[in-house]
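Each chain is listed here by its residues.
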Amino acid sequence: MARTQVAIIGAGPSGLLLSQLLDLHGIDNVVLERQSRDYVEGRIRAGVLEQGTVDLLIEANVGERLLRERLVHDGFALAFADRTFRIDLKALTGGAVSVYGQTEVTKDLMEARVAAGAKLLFEAGDVSIEGFERDHPAVRYTHEGRTYELSCDFVAGCDGYHGIARRSVPAAAMQTYERVYPFGWLGILADVPPASHELIYSNHARGFAMCSMRSLTRSRYYLQCGLDEKLEAWPDARFWDELRLRLPADVAAALVAGPSIEKSIAPLRSFVVEPLRFGQLFLVGDAAHIVPPAGAKGLNLAAADVRLLFQALVERYRTGRTALLDRYSERCLRRIWMAERFSWWFTSITHKFSDDAFAQRMQLAELEYLTGSTAALTSLAENYVGLPFEGPPGMSSS
Ligand code: APR
Ligand code: PHB
């Protein structure tokens with residue numbers, strides 16, 4: 001039976017980044033991915049990185065193109081009730097965020113792993129984890145019609161929300177928390193210049209809309225849509241028309257429409273599993289938690305998990321001590337719940353939940369309070385740029 005120190009399931013950003021960091025510290029690992037490399041590299045996801053994520057990517061030696069091509073944003077706009085209000089992240093927190101697509105992060109990581117000769121297997125089928133309660137668990141999988149078994153010290157479940165790692169754990173051993181929202185996001189990617197040089201989150205009576213970007217020539221836009229919407233019902237022209245209706249008039253006038261190069265509908269969900277560790281199995285990233293996309297916390301949370309697991313594994317292999325591994329779940333969960341709260345709240349003030357007049361007035365009152373109070377704005381801004389990787393302010397990580 002083949003052997004490695006850490007078996008990593010999934011080659012999304014979590015699995016690739018963990019593999020890269022472990023490799024830089026001489027810890028042997030194998031990554032098993034169900035899809036092909038092209039499929040993984042083609043997925044379009046969010047595009048806002050907190051500084052802590054940027055720092056970790058630099059530490060992983062994959063920061064070069066990111067630092068060259070990222071767009072640093074020190075503010076964004078909130079539009080509501082025919083007003084546009086700029087949130088000055090820099091003035092409120094001293095910080096900023098980096099706009100750089102997750103697709104590019106994945107490509108950079110993939111290139112680095114392949115160049116380093118990583119043990120990275122694509123199109124691995126029927127992956128299963130055997131005996132993660134034991135000291136040396138094994139991972140079984142099939143590849144090109146043959147079955148293989150890999151013995152390891154630890155398994156990192158980096159296989160996303162639909163993966164097998166979380167599902168391998170008996171339901172009685174974990175607690176899940178979930179909220180499904182009554183709407184989705186219809187997203188479009190197009191090679192047109194962004195309508196505004198900063199991101200815009202727009203609360204509108206027709207539903208939420210947002211303007212984002214991937215570069216100065218590639219734009220990403222979203223519309224809140226019903227859960228039963230079909231993509232076929234949204235030819236490009238209808239998307240652009242509806243977007244204009246939901247944006248401030250000056251932005252709508254500046255909007256450059258063009259053919260979409262990607263269009264998709266995603267449901268919105270909040271989800272957390274507790275704990276994140278089961279014997280020698282550790283859940284990382286989307287396998288353990290999902291946030292709704294407003295605020296773009298998904299990838300940043302995944303990076304924070306990876307950082308703590310990588311540090312814990314380095315400690316274990318350098319010194320034999322397991323103190324950090326033992327605290328992995330608890331340390332991750334503190335930050336996860338803070339990001340869950342922020343993403344849920346930011347969704348709640350920007351989206352249309354119902355036609356209920358009272359609820360709409362409460363939302364408007366909240367937006368008016370927020371934009372009129374430096375205390376409230378600072379709270380929004382410090383969450384948006386990212387809480388410290390160790391946990392929320394004032395909360396000791398010891
Ligand atoms: N066996 C092997 N690989 C699997 C399996 C399986 N049974 N199931 C899923 N995978 C792979 C998927 O194909 C995918 O490539 O695991 C990977 C999981 O990647 P992501 O879903 O991207 O999750 P993660 O790496 O945790 O990324 C964090 O940040 O912005 C958010 O949700 C966004 O993907 C993003 C996340
Ligand atoms: C994106 O660019 O895809 C994006 C940006 C900010 C968000 C969500 C998505 O809050």
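Above: the structure in question.
What you see is a predicted model; the values in this text were computed from it and never measured.

Q: Hey, could you run me through the site of ligand 1 in this one?
A: Taken together, the neighbourhood of ligand 1 is formed by 23 residues, with Glu33, Arg43, Arg45, Gln102 and Asp286 sitting nearest. Take Pro13: an N or O atom from its main chain is 3.3 Å from an oxygen atom of ligand 1. Interatomic distance of 3.1 Å between a backbone N/O atom of Leu299 and an oxygen atom of ligand 1. Considered on its own, ligand 1 offers 710 Å² of accessible surface; in the complex 91% of this is hidden by protein. Contributions of two or more residues to the shell around ligand 1 are made by helix H1 (13–24) and helix H9 (298–319). In terms of residues, the shell around ligand 1 owes the most to one element, H9, which gives three residues.

Q: Explanation requested: the pairing of strand S17 (residues 219–225) in the structure shown.
A: The buried fraction of S17 is high, at seven of seven residues. The two faces of S17 match: Ser219, Tyr221, Leu223 and Cys225 on one face and Arg220, Tyr222 and Gln224 on the other face are all buried. Two elements, strand S14 (residues 175–190) and S17, share seven bridges in a ladder whose sense is antiparallel. What sits directly across from Gly184, in S17, is Cys225. Pairing of strand S16 (residues 209–213) with S17 involves five bridges; the strand directions are antiparallel. What sits directly across from Cys211, in S17, is Tyr221. Hairpin connection between S16 and S17: a loop of five residues separates the two successive antiparallel strands.

Q: Is there a simple way to explain helix H6 (residues 102–115) in this structure?
A: Because the α-helix completes a turn every 3.6 residues, residues three or four places apart line up on one side. Taking 1.5 Å as the rise per residue, H6 with 14 residues should run 20 Å; its terminal C-alpha atoms sit 20 Å apart, in good agreement. In terms of residue burial, H6 counts as a mostly covered element, since ten of its 14 residues are buried. Taken together, the buried positions of H6 are Gln102, Thr103, Glu104, Val105, Thr106, Asp108, Leu109, Met110, Ala112 and Arg113. At the C-terminal side of H6, Gly117 shows a positive phi close to 70 degrees.

Q: How should the nonpolar core be read in this particular structure?
A: Side chains that are nonpolar tend, in soluble globular proteins, to be buried together. Residues Leu17, Leu18 and Leu309 are the most contacted members of the largest nonpolar core, which totals 74 residues. Look past the residues within four positions of Leu18 in its chain and what remains in contact with it is Ile8, Ala156, Cys158, Val306, Leu309 and Phe310. If you look at the next biggest cluster of nonpolar residues, it comprises 33 residues, including Met213, Ala294, Leu370 and Ala376.

Q: What's the story with unusual backbone geometry in this structure? I'm lost.
A: Note: most peptide bonds trans; most residues except glycine with negative phi. With an omega of -10 degrees, the peptide bond between Glu274 and Pro275 qualifies as cis. If you trace the backbone, Pro275 turns up in the loop between strand S18 (260–274) and strand S19 (277–278). Residue Ala296 is not a glycine yet carries a positive backbone phi of 55 degrees. Within the secondary structure layout, Ala296 lies in the loop between strand S21 (289–290) and H9.

What counts and how
- Residues numbered from 1 in each chain as written.
- Chains lettered and ligands numbered in written order.
- Predicted model: local features only at pLDDT ≥ 70, side-chain atom pairs only at ≥ 80, totals over all residues.
- Heavy atoms only, no water.
- Near = heavy atom within 4 Å.
- Polar contact = N/O pair within 3.5 Å; in protein donor to acceptor, adjacent residues only side chain to side chain.
- Areas by Shrake-Rupley, 256 points an atom, 1.4 Å probe, with all protein chains shown as cover.
- Helix = DSSP H or I, 4+ residues; strand = E, 2+ residues; numbered from the N terminus.
- Buried < 20%, exposed > 50% of the residue type's maximum accessible area, 1.4 Å probe, protein only.
- Pairing = 2+ DSSP bridges.
- Expected span 1.5 Å × (residues − 1).
- Core = buried A, V, L, I, M, F, W, Y, C linked by side-chain atoms within 4.5 Å.
- Contact = heavy atoms within 4.5 Å.

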